[in-house]
Amino acid sequence: MKAVVYHQYGSPEVLRVEQVEKLLPHDNQVLIKVRAAAANPLDWHYMRGSPYLVRLGAGLRNPKNTRLGVDMAGVVELVGKNVTKFKPGDEVFGAAGGAFGEYARASENRIALKPANASFEEAAAVPVAALTALQGLRKAKVQPNQKVLVNGASGGVGTFAVQIAKAFGADVTGVCSTSNVGLVRSIGADRVIDYTKEDFTQTGQRYDVIYDTVGNHSLRELRRALHPQGEAIMIGGGGPKSGGLLGPMTVPIKAFLYSPFVSQKFVFFLAEVRQDDLNLMRELIDSGKVKPVVGRTYPLSQIADAIRYLEQGHARGKVVISLAADGARPELAR
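Everything quoted here is computed from the prediction, not taken from an experiment. (Residues numbered from 1 in each chain as written. Predicted model: local features only at pLDDT ≥ 70, side-chain atom pairs only at ≥ 80, totals over all residues. Heavy atoms only, no water.)

S.K.: How would you summarise the overall build of the chain if you had to cite specific residues and measurements?
M.R.: A tally of regular secondary structure across the chain gives ten helices and 16 strands. With 334 residues in all, the chain has 54% of them scored as buried. Within the chain, residue pairs in contact and separated by at least 24 positions form 69% of the contacts whose partners lie at least 6 positions apart. Accessible surface computed for the chain: about 15100 Å², of which carbon and sulfur atoms make up 51%. (Helix = DSSP H or I, 4+ residues; strand = E, 2+ residues; numbered from the N terminus. Buried < 20%, exposed > 50% of the residue type's maximum accessible area, 1.4 Å probe, protein only. Contact = heavy atoms within 4.5 Å. Areas by Shrake-Rupley, 256 points an atom, 1.4 Å probe, with all protein chains shown as cover.)

Following this line, the structure appears as structure tokens:
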């Protein structure tokens, strides 16, 4: 089977599509024929071994695990002897190790049945980004009519955060560039701020929750835009140049240390792929309350181009790898 592998840390040029062994599922796993996979910042962090903190688990000099990719959607081919919720032929989505390949193994509790209203490409866009948005908004206990601002509203997590906050009944403001204003409005934002023309921390407007996927404002600036008892959920933190020991973790760690001394809360967290949350996302998608935004689709053979584009930090929606599109040119979302 074909799969993306890397044998050393570095730029996207270290990625190769090679023939690898197709592994059988363990007792609590399923083997999935991957139809589509989605790229995440986590992928290029592992690819580059940056920040250095990543290498403590991934390998100090060279990567221990040479497969890449987590988000995927596909069709179950084999199930382990203890699997009870899925059978061969089921269309599923979720998290699987080595998702950038023709086949991947996944734990039974990290996948769910694919939304009927979503293509494989759309379903692959969901797991990490949507659950990061969902679990962050849940941590902030977003309530109907609260004012929520999403900084980076046109990105992978941001497009989900806007729609999920609206599903929770919030009044949502999205922040994005000029070219993405129409997109952010189309997914339900009540108002949109074009950051090239206006700084949301300087408007005098205060929000109950700021969901920051970008990390381009200081804590002092975010405080200015928060209600006295407001909460900032922080998941952003720079691109490939934010290396060093902690990299994008630097700002969240500062926020953690800062929080006990102010009335507002600054929260950083890592999302967990859970089956119950995947099922909730399936319900939201099938009901029409959430629509995955796929910005670009690449074939597996152009994985380096896909990761390179994602690293630029201005991706619109999710970057998806289509296993049905090998040999095709990158396709822009319509």
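Now, onward.
S.K.: Provide a residue-level description of the pairing of strand β11 (residues 207–212), including the pertinent values.
M.R.: Here β11 lies mainly inside the structure; five of its six residues are buried. Bridge count for strand β8 (residues 147–151) against β11 is four bridges, and the pairing is parallel. Along β11, the bridge assignment pairs V150 with Y211. Taken together, the five bridges between β11 and strand β12 (residues 226–234) define a ladder with parallel strand orientation. Paired with Y207 across the strands is L226, a residue of β12. Tracing the backbone out of β11, into helix α7 (residues 219–225) and back to the parallel element β12 gives a crossover that is right-handed. (Pairing = 2+ DSSP bridges. Right-handed = clockwise from strand over helix to strand, strands pointing away.)

S.K.: Break down the packing of helix α4 (residues 127–139) against helix α9 (residues 275–286) for me, citing the residues and quoting the values.
M.R.: It is at 10 Å that the axes of α4 and α9 come closest, and there the two elements cross at 95°. The angle between the axes of α4 and α9 places the two elements in the roughly perpendicular class. Across the interface between the two elements, P127, A130, L131, L134, Q135 and R138 from α4 touch D277, L278, L280 and M281 from α9. For the contact of α4 with α9, the per-class residue count stands at seven nonpolar, one polar and two charged. (Axes fitted to C-alpha atoms, helices over the stretch in contact; angles between N-to-C directions. Parallel < 35°, antiparallel > 145°, perpendicular 65-115°, else oblique. Nonpolar A, V, L, I, M, F, W, Y, C, P; charged D, E, K, R; others polar.)

S.K.: Explain unusual backbone geometry to me, using residue names and the numbers behind them.
M.R.: Of note, K141 is a non-glycine position whose phi angle comes to about 55°, a positive value. Within the secondary structure layout, K141 lies in the loop between α4 and β8. The class for K141 is exposed, based on a relative accessible area of 60%.

S.K.: Run through the pairing of β8, naming residues and quoting values.
M.R.: A large share of β8 lies buried, amounting to four of its five residues. Regarding the hand of the β-α-β motif, the stretch spanning β8, helix α5 (residues 156–167) and strand β9 (residues 171–176) is right-handed.

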